[in-house]
Amino acid sequence: MAVDSGLSSPLGPPACENDTKALQLIEEITRNTDSVQEKVLAEILTRNANTEYLHRFKVGGATDRDTFKSKVPVVTYEDLKPDIDRVANGDRSPIFSSHPISEFLTSSGTSAGERKLMPTIADELERRQKLYDLLQPVMNLYVPGLDKGKGLYFLFIKAETKTPSGLVARPVLTSYYKSEQFKTRPYNPFNVYTSPNEAILCVDSFQSMYSQMLCGLLMREEVLRLGAVFASGLLRAIRFLQLNWKQLAQDIASGTLNPRVSDSSIRDCLSKILKPNPELAEFVVKECEGDNWEGIITRIWPNTKYLDVIVTGAMAQYIPTLDYYSGGLPKACTMYASSECYFGLNLKPMCNPSEVCYTIMPNMGYFEFIPHDPVNSVQISRDSPPHLVDLADVEVGKEYELVITTYAGLCRYRVGDILQVTGFHNSAPQFKFVRRKNVLLSIDADKTDESELQKAIENATALLRPYNTNLVEYTSFADTKTIPGHYVIYWELLVKDPANPPSQEVLNQCCFVMEESLNSVYRQCRVADNSIGPLEIRVVNNGTFEELMDYAISRGASINQYKVPRCVNFTPIMELLDSRVVSVHFSPTAPHWTPERRR
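About the cut-offs
Residues numbered from 1 in each chain as written. Predicted model: local features only at pLDDT ≥ 70, side-chain atom pairs only at ≥ 80, totals over all residues. Heavy atoms only, no water. Pairing = 2+ DSSP bridges. Helix = DSSP H or I, 4+ residues; strand = E, 2+ residues; numbered from the N terminus. Contact = heavy atoms within 4.5 Å. Axes fitted to C-alpha atoms, helices over the stretch in contact; angles between N-to-C directions. Buried < 20%, exposed > 50% of the residue type's maximum accessible area, 1.4 Å probe, protein only. Polar contact = N/O pair within 3.5 Å; in protein donor to acceptor, adjacent residues only side chain to side chain. Parallel < 35°, antiparallel > 145°, perpendicular 65-115°, else oblique. Left-handed = near helix turned anticlockwise from the far one by under 90°. Nonpolar A, V, L, I, M, F, W, Y, C, P; charged D, E, K, R; others polar. Phe/Tyr/Trp six-rings, centres within 6.5 Å; stacked < 30°, edge-to-face > 60°. Lys NZ or Arg CZ within 6 Å of the ring centre and 35° of its normal. Core = buried A, V, L, I, M, F, W, Y, C linked by side-chain atoms within 4.5 Å.

Caption draft 1: Examining the sheet that holds strand β15 (residues 413–425) more closely. Read across the open sheet, the eight strands follow the order β9-β10-β11-β16-β15-β14-β12-β13; overall the sheet is antiparallel. One side of each edge strand has no neighbouring strand; the edge strands of this open sheet are β9 (335–337) and β13 (389–390). Bridge count between strand β12 (residues 366–372) and β13: two bridges; the pairing is antiparallel. Looking at β13, one finds that Glu368 is bridged to Asp390. Sheet strands in contact with helix α6 (residues 122–140) are β9 and β10 (342–345), and its direction is about 15° off that of β10.

Structure representation (structure tokens):
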């Protein structure tokens, strides 16, 4: 029953007394967006007044917006990289922040093929925790009774490394899951997981997934929501069940744990809950042994009320598959965050995925926006600084590129996200995530841009030279019909010596060379996470790309301005390409990857 706390809020009455303060905070900071932003900027500039970075631009201890905007430039990662490298190599002077850099958070965006290193400080973890604390009170407004069961969340840590100076570098969620805030989080009946910490914190992906799935099956009737960070992660869990249900059922029947799960902390933990249950084992076999996996989520976990996954941006491509496995369960996108900063919440988390918008919480950092024209992009440089719009001054319907200033010392940093304003909650704008700037292909956490793809193509086609063969044209798409998804590259080749064409093995090797050329995030997903399948090249008939141009012109494209799209997802075009395929090739082995950064 909702608690009548006197909270006057368009969000609605809180579900319990503990939710009251959280919802009041949301209302307070969104009613006073501009003044909160002014205060946040002043706090950041005050605490970091003596840093080398602010001294460099002669801010002089000023904390007002006008001085800040007139003196501090808008920057990209490449602009900051020399200073970031100094920190990574051991410089402990206050370059970005007056507080010591506690670790680096690795961004899924890349620089020279490696993850970007985002310096962070200890109290940023507390700031992120405050945003996490708002998630469940908002969800409780829309889904009653979540305190009566558990969440089956597939959560994983990823490999981490150390910089030459000894600072840890790891993804932001790995940092959070390994923190004391997560490991010793207070009991909350609205937020109980089936997965024990020991399983989440196991670095071996098989052992972690196996034990989390086993716990989910053992507590199947208690599960009220299923989740993973990304839609691709939840689908990977379903695929894991498809491949391992026999052994899981055997463990449930016998009450003994698969010896492949060798982690002692997991074995100790599961020994307390894994008892022989032939009836449950028989149920698992009955549901999984056939070919029909439609609605498998609600068949195995019948009390599930929603899926908690990100299905915006590149993850939208997984919605039809999620619907197939879940029988169309609602998909809640609750939060908008990145390695650089946590931004905001979806205040209507049960909305249709196409309507998801996030309300920026103005206390998380200082936010500015570069107006973005999707047709005529503006080149930005130090010599031609852009006009940036404040958070409270953005306009509904317009697109913007996000720029942030954080407590950890990032100043006017271009995140690379393109957002569209959809409305306001009180005076805080709500944004739809449009896309990552310049990203061409994405399956999971990977983000491959056009220049990276072009370089990989160039490296691979070098193998064709001994066969007097040239690449005429190419395009690509992210194939998510399989689990895991994979990159597909269409090639049209000109074979000048039909008596000596490149062999199947050579073209397979081209796939491998492309994968070796792609960034470390892609290669980690391929090698360590198994969240991307082998890259595929589909060779098409000669003249196929001319047909593609003819088709585009028939639909109104200008013959003078037509360019081959480097990524396609329009069904008629893909059907045309697939109808012209003459051979198919896959990478014969996984590319090289280790957690260590390239020197």
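Caption draft 2: Structural detail: the side chain of His425. Mapped onto the fold, His425 is located in strand β15. Given the relative accessible area of 9%, His425 is considered buried. Within the structure, the side chain of His425 is placed 2.7 Å from the side chain of Glu27, a separation counted as a polar contact.

Caption draft 3: Structural context of the packing of helix α19 (residues 544–554) against helix α20 (residues 571–579). At a closest axis distance of 10 Å, the pairing of α19 and α20 adopts a crossing angle of 155°. Of the possible angle classes, the one that applies to α19 and α20 is roughly antiparallel. For the pair α19 and α20, the crossing hand works out as right-handed. Only Pro572, Ile573, Leu576 and Leu577 of α20 make contact with α19, whose side of the interface consists of Thr544, Phe545, Glu547, Leu548 and Tyr551. Split into classes, the residues belonging to the contact of α19 with α20 amount to seven nonpolar, one polar and one charged.

Caption draft 4: Geometry of the pairing of strand β16 (residues 428–436). Inspection of the sheet shows strand β11 (residues 358–360) paired to β16 by two bridges, in the antiparallel sense. By the bridge assignment, Thr359 is partnered in β16 with Gln430. Relative to β16, β15 runs antiparallel, the two being bridged by eight bridges. Looking at β16, one finds that His425 is bridged to Ala428. Count of turn residues in the β15/β16 antiparallel hairpin: two residues, of which Asn426 carries a positive phi of about 55°.

Caption draft 5: Broad picture of the packing of aromatic side chains. Counted under the stated rule, the structure contains 21 aromatic pairs. Relative to Phe96, the ring of Tyr53 has its centre 5.9 Å away and its plane inclined at 35°; by these criteria the two rings are tilted. With Tyr53 in helix α3 (residues 52–56) and Phe96 in the loop between α5 (77–88) and β1 (103–111), this pair connects stretches of sequence that are 43 residues apart. Phe96 sits in the buried class, given a relative accessible area of 4%. Aromatic side chains Tyr324 and Tyr325 sit 5.2 Å apart centroid to centroid with 70° between the ring planes, which places their arrangement in the edge-to-face category. Accessibility expressed as a relative area gives 8% for Tyr325, which makes it buried. Through successive ring pairs, a cluster of aromatic residues spans Tyr132, Tyr176, Tyr177, Phe182 and Tyr342. Arg127 extends its terminal NZ or CZ atom over the ring of Tyr407, reaching a point 3.7 Å from the ring centre. The ring of Tyr342 carries the charged tip of Arg128 above its face, separated from the ring centre by 5.7 Å.

Caption draft 6: Local environment of the nonpolar core. Judged by nonpolar contacts, the single largest core of 166 residues is most densely connected at Leu241, Trp301, Phe367, Trp491 and Met514. Considering every element that reaches this core, the biggest residue donor is helix α11 (residues 231–254), with 11 residues. Once residues lying within four places of it in the same chain are set aside, the contact partners of Leu241 are Met213, Leu217, Leu248, Cys288, Trp293, Ile300 and Trp301. Within the second largest apolar cluster, 12 residues are counted, among which are Leu548, Val564, Val568 and Leu576.

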